[in-house]
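These are the residues of each chain, in order.
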Amino acid sequence: MADTLPTLKQQLAQLVASPSVSATDPKLDMGNRGVVDLLAAWLETLGFSVELMPLPGQPHKANMIATLSSGGPADGGLVLAGHTDTVPYDDGRWQSDPFKLDDRDNRFYGLGSTDMKGFFPIAIEAARTFVGKPLRQPLIILATADEETSMDGARALVEAARPRARYAVIGEPTGLKPIHMHKGMMMESIRITGRAGHSSNPALGASALEAMHDAISTLLRVRAEWQAQYRNPGFAVPVPTMNLGCIHGGDNPNRICGHAELQFDVRPLPGMPLDELRAELDRRLHAAVADEKISLEYGPIFRGTEAFAQERTAELVRVAEKLTGHSAESVAFATEAPYFKSMGMDTIVLGPGDIDQAHQPDEYLGQDRIQPMVKVLEGLIAQFCL
Ligand SMILES: [Zn+2]
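As annotated in an unreviewed UniProt entry, the protein carries the name Acetylornithine deacetylase and is attributed to Microbulbifer aestuariivivens.

If you want it as structure tokens, here you go:
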């Protein structure tokens, strides 16, 4: 193990060079052990005590919890958190090798540079300032697995109730602005099975397509009700949304449609827990399609993410606003924040990159973002750990 720490640029280059693509397609999906092993080695060099938590049933994926403390009782502490995985990439559309950090035009190009491997060397740089100083509360650098797909890393942390801390900052790309709210997201499907038959005699079958018509009418009614009931002016789109994204069914004009499937998404506001929304949809859809010749299955395509809201009056929000010079805002993308919040931590999302750069070919982190972000993190650590 290295006794001296690589420079910030060398660290970023090594993190980018360690592939950690998360994908729902198993052919593209990779582990993240290379990334967490690098972070673990650097943080141990700095004097952090490091723990790796392999994900249940997925030993090639792990969370890392690295803690710097001066001993003593730890009922507080600050978490600087980031995910270690990236989305897949379009090789042909990159100007440079996505796994080779390219330093050009005052930018660091590379897959994950902004979303969000770039956050870790910055957090390590900020942490260095505090090594050897007596800390009243621990500083925890946390690296999670699988944020881009299942959020299994964050789920495993909640399951284990780790880490225990009072505050969390997630370094997702927010352009150095503190974020205290985002909507949730769920993707759902409705599958209706009827009975196919010759169209000349409707009694010979049961139309899944006509039942789907009733199901869709119900969805649109529920959407209108939710939009009348819930509103939050802190979001660019101040109401919860529901998008009917795709539909498939039937095969021929002269056959009764035996099967139809609809997929849709919902973006709930804070205060709209996913399990309550799902229970309501389940009840209303089954009531709308109550025909013994028709069966309706409704359920999630994946588990989804809760909405997130941190009270603006929280000390963490106020300190972050002061250090960045920006009022806390909302964003349109989902993060691991609701998981940290559910463990009792005051949580904000605040990072150096830009979301426009995320999930794009030629992803980069502007080098002018690095020092300001180091300063902001140093300010947060000083406030909550010293
Ligand atoms: Zn991200």
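Draft legend 1. Geometry of the sheet that holds strand E4 (residues 102–104). Across the sheet, 3 strands lie side by side as E4-E5-E18; this open sheet has antiparallel pairing. Each of the sheet's edge strands pairs with one partner strand only, and the pair in question is E4 and strand E18 (364–366). The mean angle between the axes of side-by-side strands here comes to 20°, regardless of whether they run parallel or antiparallel. Inspection of the sheet shows E4 paired to strand E5 (residues 107–109) by 3 bridges, in the antiparallel sense. Across the sheet, the residue bridging to Asp102 is Tyr109, located in E5.

Draft legend 2. Quick peek at the environment of Ala228. Mapped onto the elements of the fold, Ala228 is located in helix H5 (residues 208–229). On the accessibility criterion, Ala228 (70% relative accessible area) is exposed. Each C-alpha atom, one on Ala228 and one on Ser189, is 24 Å from the other, the two residues being 39 residues apart in sequence.

Draft legend 3. Inspection of the sheet that holds strand E14 (residues 295–300) at higher detail. Ordered in space as E11-E13-E9-E14, the 4 strands form an open sheet in which the pairing is antiparallel. Every interior strand has two partners, whereas the edge strands, strand E11 (241–249) and E14, have only one. Each neighbouring strand pair of the sheet contributes to a mean axis angle of 15°, computed without reference to strand direction. For E11 and strand E13 (residues 259–267), the ladder comprises 8 bridges, and the chain directions are antiparallel. Bridging across to E13, Leu244 finds its partner in Phe264. Relative to E14, helix H6 (residues 274–288) is tilted by about 170°, and along the sheet it contacts strand E9 (186–193), E11, E13 and E14.

Draft legend 4. Looking closely at the environment of Thr335. Among the secondary structure elements, Thr335 is positioned in the loop between strand E16 (329–331) and helix H8 (337–342). Thr335 sits in the buried class, given a relative accessible area of 0%. Each C-alpha atom of the pair Thr335 and His182 lies 8.0 Å from the other, and the pair is 153 residues apart in sequence. Contact partners of Thr335, with chain neighbours within four places excluded, come to Glu147, Met151, Ile170, Glu172, His182, Thr305 and Val349.

Basis of the calculations
- Residues numbered from 1 in each chain as written.
- Predicted model: local features only at pLDDT ≥ 70, side-chain atom pairs only at ≥ 80, totals over all residues.
- Heavy atoms only, no water.
- Pairing = 2+ DSSP bridges.
- Helix = DSSP H or I, 4+ residues; strand = E, 2+ residues; numbered from the N terminus.
- Axes fitted to C-alpha atoms, helices over the stretch in contact; angles between N-to-C directions.
- Buried < 20%, exposed > 50% of the residue type's maximum accessible area, 1.4 Å probe, protein only.
- Contact = heavy atoms within 4.5 Å.

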